[in-house]
Amino acid sequence: KGVPEDRLTALREAPLPHTKKHLLQRQGSSAAVVAPPPMAMPPLDLLAKLPRSKGSKEPADAWEKQTLSDKWSERKAAADLVASLLEGQSSLKPADHGLVLRPLKRLYQDANVNVAASAIKATGLLAGLLGSDFSALARRTAPALLEKGADK
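Residues numbered from 1 in each chain as written. Predicted model: local features only at pLDDT ≥ 70, side-chain atom pairs only at ≥ 80, totals over all residues. Heavy atoms only, no water.

**Regarding the packing of helix α5 (residues 72-86) against helix α6 (residues 98-108)**
Line of reasoning, step 1. One way to put it is that α5 packs onto α6 with a least axis distance of 11 Å and a crossing angle of 135°. Between α5 and α6, the crossing angle belongs to the class labelled oblique. Seen from above, α5 lies across α6 with left-handed handedness. From α5, R75, A79 and V82 reach across to α6, where they touch V100, L104 and L107.
Line of reasoning, step 2. The residue inventory of the contact of α5 with α6, partitioned by class, reads 5 nonpolar, no polar and 1 charged. (Axes fitted to C-alpha atoms, helices over the stretch in contact; angles between N-to-C directions. Helix = DSSP H or I, 4+ residues; strand = E, 2+ residues; numbered from the N terminus. Parallel < 35°, antiparallel > 145°, perpendicular 65-115°, else oblique. Left-handed = near helix turned anticlockwise from the far one by under 90°. Contact = heavy atoms within 4.5 Å. Nonpolar A, V, L, I, M, F, W, Y, C, P; charged D, E, K, R; others polar.)

The structure is reproduced here in structure tokens:
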């Protein structure tokens with residue numbers, strides 16, 4: 001609206017001033033810009049990261065007890081812990097992730113909607129990382145999720 005058409009065309013065709021390609025052009029180099037390869041993150045051992053009681057051989061037993069707490073804030077913190085561990089990860093170490101999913105599934109039906117939402121979010125992140133390996137766990141989880149969706 002007031003800017004000449006030739007000026008708009010020049011702006012559209014001009015390279016962005018702070019790109020590597022533009023800087024190389026300004027320096028007179030004709031080398032192609034190659035992005036560095038992304039750093040591969042090692043697979044996360046989720047069961048090892050969850051709290052365990054001293055001397056216990058069961059993985060994540062202290063975390064599971066936290067999901068059974070009478071306080072809704074502790075149950076929500078347990079679900080949020082799983083979500084925070086899974087966020088930003090690219091893969092998981094092979095393990096029995098059903099040990100994590102069973103307590104989360106119990107939290108879907110929690111009276112506090114914040115606890116249920118955190119558990120569902122953690123399950124979604126777990127499913128995303130497991131991909132097709134989640135299919136066996138999904139068969140056990142789907143009925144509880146559908147029931148929760150039918151309530152609302």
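Here the narrative resumes.
**Some thoughts on the side chain of D61**
Line of reasoning, step 1. Relative to the helices and strands, D61 resides in helix α4 (residues 61-67).
Line of reasoning, step 2. Despite its burial, D61 pairs with no opposite charge; the closest candidate is K65, at 4.6 Å N-O.
Line of reasoning, step 3. Side-chain polar atoms of D61 contact the side chain of S56, separated by 2.9 Å.
Line of reasoning, step 4. In contact with D61, other than residues within four places in its own chain, are P51, R52, S53 and S56. (Buried < 20%, exposed > 50% of the residue type's maximum accessible area, 1.4 Å probe, protein only. Lys, Arg positive; Asp, Glu negative; His and termini not counted. Salt bridge = Lys/Arg side-chain N within 4 Å of Asp/Glu carboxyl O. Polar contact = N/O pair within 3.5 Å; in protein donor to acceptor, adjacent residues only side chain to side chain.)

**Details of the environment of P43**
Line of reasoning, step 1. Within the secondary structure layout, P43 lies in the loop between α2 (20-27) and α3 (46-49).
Line of reasoning, step 2. Given the relative accessible area of 41%, P43 is considered partly exposed.
Line of reasoning, step 3. Taking the C-alpha atoms as reference, P43 lies 4.9 Å from S91; in sequence the two are 48 residues apart.
Line of reasoning, step 4. Those residues in contact with P43 that lie beyond four places of it in its chain are S91, L92 and K93.

**Notes on helix α7 (residues 113-130)**
Line of reasoning, step 1. If you check α7, its first and last C-alpha atoms are 26 Å apart, about what 18 residues at 1.5 Å a residue would give, namely 26 Å.
Line of reasoning, step 2. Of all the residues in α7, the buried ones are V115, A116, S118, A119, A122, T123, L126, L129 and L130. Buried residues of α7, viewed axially, fall in a sector of 160°; they line one side.
Line of reasoning, step 3. Two or three places before N114, at the start of α7, stands the capping residue N112, its side-chain oxygen 2.8 Å from that residue's backbone nitrogen.
Line of reasoning, step 4. G131 sits one or two residues past α7 and shows a positive phi near 60°. (Expected span 1.5 Å × (residues − 1). Arc of directions from axis to C-beta.)

**Considering the confidence of the model for the protein**
Line of reasoning, step 1. Confidence in the prediction for the protein averages 82 pLDDT; 80% of positions are at 70 or higher.
Line of reasoning, step 2. The lowest-confidence element of the protein is α2, averaging 52 in pLDDT; the highest-confidence one is α5, averaging 95. (pLDDT = per-residue confidence, 0-100.)

**Some points on the pattern of salt bridges**
Pairing between side chains becomes possible if they bear opposite charge and their charged atoms approach one another.
Line of reasoning, step 1. Tallying each qualifying case throughout the model produces 4 salt bridges.
Line of reasoning, step 2. Salt-bridge contacts for K121 lead to E87; the nearest nitrogen and oxygen are separated by 3.0 Å. Separated by 34 residues along the polypeptide, K121 in helix α7 and E87 in the loop between α5 and α6 bring together distant segments of the chain.

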